[in-house]
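Structural overview
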Amino acid sequence: MAVERKNFRRFTYAEYMDYLKPYLTKVKFSQVHVHGTWKPTIADYRKATDKIKIIQAMWRFHAITQNWGDIAQHATIDPDGYIWEGRSLLQAPASAVGYNDSDDDRIHPFMFEMIGNFDVGAEKLEGTQLATAVKLTSSIAALWKLPESQIKFHREMNPGKTCPGSSVSKPAFLELVRDWREVEMNPNDANKIIAKWLSPAWFAAATKAERDEIHRLANELRKASGQL
Ligand SMILES: [Zn+2]
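1. Quick notes on the overall build of the protein chain
Secondary structure summary: the protein chain contains eight helices and six strands in total. Each helix (α) and strand (β) of the protein chain, taken in turn from the N terminus, gives the series β-α-β-α-α-β-β-β-α-β-α-α-α-α. When its C-alpha atoms are laid out on the principal axes, the protein chain stretches across 60 × 40 × 40 Å. The burial tally for the protein chain puts 44% of its 228 residues in the buried class. Residue pairs at least 24 apart in sequence account for 68% of intrachain contacts in the protein chain once pairs closer than 6 positions are excluded. On the protein chain, roughly 12000 Å² of surface is accessible, and the fraction owed to carbon and sulfur atoms is 55%. Computed over 31 positive and 28 negative side-chain charges, the separation of the two mean positions in the protein chain equals 2 Å.

2. Things to note about the coordination of the zinc ion
Any two of four tetrahedral donors ideally make an angle of 109.5 degrees at the metal, while pairs among six octahedral donors ideally make 90 or 180 degrees. Distances from the zinc ion to its protein donors, His-35 (ND1), His-154 (ND1) and Cys-163 (SG), fall at 2.0 to 2.2 Å. Coordination of the zinc ion draws on donor residues from a single chain, spaced H-x118-H-x8-C in sequence. Looking at His-154, the relative accessible area reads 8%, which means it is buried.

3. Some thoughts on the packing of helix H1 (residues 13-20) against helix H4 (residues 127-143)
At a closest axis distance of 11 Å, the pairing of H1 and H4 adopts a crossing angle of 25 degrees. If you check the angle between H1 and H4, you find them roughly parallel. Considering how the two elements wind past one another, H1 and H4 form a crossing that is right-handed. Here H1 contributes Tyr-13, Tyr-16, Met-17 and Leu-20 to the contact with H4, which in turn contributes Lys-135, Leu-136, Ser-139, Ile-140 and Leu-143. In terms of residue class, the contact of H1 with H4 is built from seven nonpolar, one polar and one charged.

4. Examining the domain arrangement of the protein chain
The domains assigned to the protein chain are domain 1 (10-183) and domain 2 (187-224). In this structure, domain 1 and domain 2 have C-alpha centres spaced 34 Å apart.

5. Quick look at helix H7 (residues 187-204)
Compared with an ideal rise of 1.5 Å per residue, which puts 18 residues at 26 Å, H7 spans 24 Å between its outermost C-alpha atoms and is within 8% of the ideal. At Leu-198, H7 shows its largest kink, close to 40 degrees, and the proline Pro-200 lies no more than four residues downstream. By the burial criterion, the buried members of H7 are Ala-190, Ile-194 and Leu-198.

6. Let's talk about the packing of aromatic side chains
Applying the stated criterion across every chain, the model contains nine aromatic pairs. When the ring of Tyr-19 is compared with that of Tyr-23, the centres are 5.7 Å apart and the planes differ by 55 degrees; the resulting orientation is tilted. Chaining the aromatic ring pairs together yields one cluster made of Phe-11, Tyr-16, Tyr-19 and Tyr-23. Above the face of the Trp-202 ring, Arg-211 is positioned so that its terminal group lies 6.0 Å from the ring centre.

7. Describing the side chain of His-35
For His-35, the position within the fold is in strand S2 (residues 28-36). One polar contact links His-35 to Ser-95, side chain to side chain, over a distance of 2.9 Å. In this structure, His-35 is in contact with Ser-95, Met-111, Phe-112, Glu-113, Met-114, His-154, Cys-163 and Pro-164, ignoring residues within four places of it in sequence.

8. Structural notes on the nonpolar core
Counting 35 residues, the largest nonpolar core has Tyr-16, Phe-110, Phe-112, Leu-136 and Trp-144 as the members making the most contacts within it. Here this core gets six residues from one element, more than from any other, and that element is H4. Grouped together as the second largest cluster of nonpolar side chains are twelve residues, Tyr-45, Ala-48, Ile-55 and Trp-84 included.

9. Focus on the pairing of S2
For S2, a buried count of seven out of nine residues is recorded, marking the element as mostly surrounded by other parts of the structure. Where S2 meets strand S5 (residues 107-114), seven bridges bridge the pair, whose relative direction is parallel. Among the inter-strand pairings, Val-32 is bridged to a residue of S5, identified as Phe-110. Bridge analysis of S2 against strand S6 (residues 151-153) gives three bridges, and the strand direction is parallel. Residue pairing in the sheet places His-33 in a bridge with Lys-152 of S6.

Definitions and limits used
Residues numbered from 1 in each chain as written. Predicted model: local features only at pLDDT ≥ 70, side-chain atom pairs only at ≥ 80, totals over all residues. Heavy atoms only, no water. Helix = DSSP H or I, 4+ residues; strand = E, 2+ residues; numbered from the N terminus. Buried < 20%, exposed > 50% of the residue type's maximum accessible area, 1.4 Å probe, protein only. Contact = heavy atoms within 4.5 Å. Areas by Shrake-Rupley, 256 points an atom, 1.4 Å probe, with all protein chains shown as cover. Lys, Arg positive; Asp, Glu negative; His and termini not counted. Charge placed at Lys NZ, Arg CZ, Asp CG, Glu CD. Donors = N, O, S within 2.8 Å, 3.2 Å for Na, K, Ca; no water. Axes fitted to C-alpha atoms, helices over the stretch in contact; angles between N-to-C directions. Parallel < 35°, antiparallel > 145°, perpendicular 65-115°, else oblique. Left-handed = near helix turned anticlockwise from the far one by under 90°. Nonpolar A, V, L, I, M, F, W, Y, C, P; charged D, E, K, R; others polar. Domains from an automatic or database assignment. Expected span 1.5 Å × (residues − 1). Bend = angle between axes of the 7 residues up to and from the residue. Phe/Tyr/Trp six-rings, centres within 6.5 Å; stacked < 30°, edge-to-face > 60°. Lys NZ or Arg CZ within 6 Å of the ring centre and 35° of its normal. Polar contact = N/O pair within 3.5 Å; in protein donor to acceptor, adjacent residues only side chain to side chain. Core = buried A, V, L, I, M, F, W, Y, C linked by side-chain atoms within 4.5 Å. Pairing = 2+ DSSP bridges.

Here it is, written out as C-alpha cells:
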C-alpha cells in the first residue's frame, strides 16, 4: 500500500472556533473524549523541524498500521497550544472500543489528543497547551449543550490506561473548564449591549463602513457570549 502524506491544517484556538461553526448543524457531538498521545512526546515535538511530520506519523500509524481508516482523533493540541486538524468531524472517532458510536447517524463523540507523555514523572500538561485543551473542551460542551458528565478521559472508558496521563487530574481539569466558562460573557449582557447601544448606533450610522463595523462588533459580542 502506498503511503500517502495526508495534509493537516493548523489552527489557533480562535481560528478553530470559526472552523467549527458550520458543523453545528451538520453533526451532533454526544461527548468530549480527552486523550494524551503518550508518544509522540513533547520532546519529540520540540525536536521535529517540520512539525506536520509528527501529525503525519500519527496518521500513518492509525490509518495504515492500525487500519482505522484515518487518524483516530478529530483534533490534536500541540505543546504550543495550536489545534491540528484530524479526521473529518462528520466521522466517528477511533477513541475507545465501545464508545465511538460509529454508526453512520452523524451523532458521535468529539475526540482530541494532546501531544505529550503526561504520566507522573514524565512531561507536564501546562501553559498554552493546557489553556487550549480547557477552552476547546469548554466550547465543544457549550456549543453542543453537553453536561459535564459527558466529558470523558480515555482512562474512564478503558481502565487499563492512564490516558490522558496519570498526572492530569480530572477534577482539576473540570474545574478549569467550569471557570473558563464563568469568565465568558453572559449572553443576556451581550444582547443588552447589542439592543441598547449597538442597534441605535447602526441605524444612526452615516456610512455602510460604519454599519459593517457595528455589525462586526455585535458578532464579536455574540461570539464572546457563546452565541456565535
Ligand atoms: Zn487515549
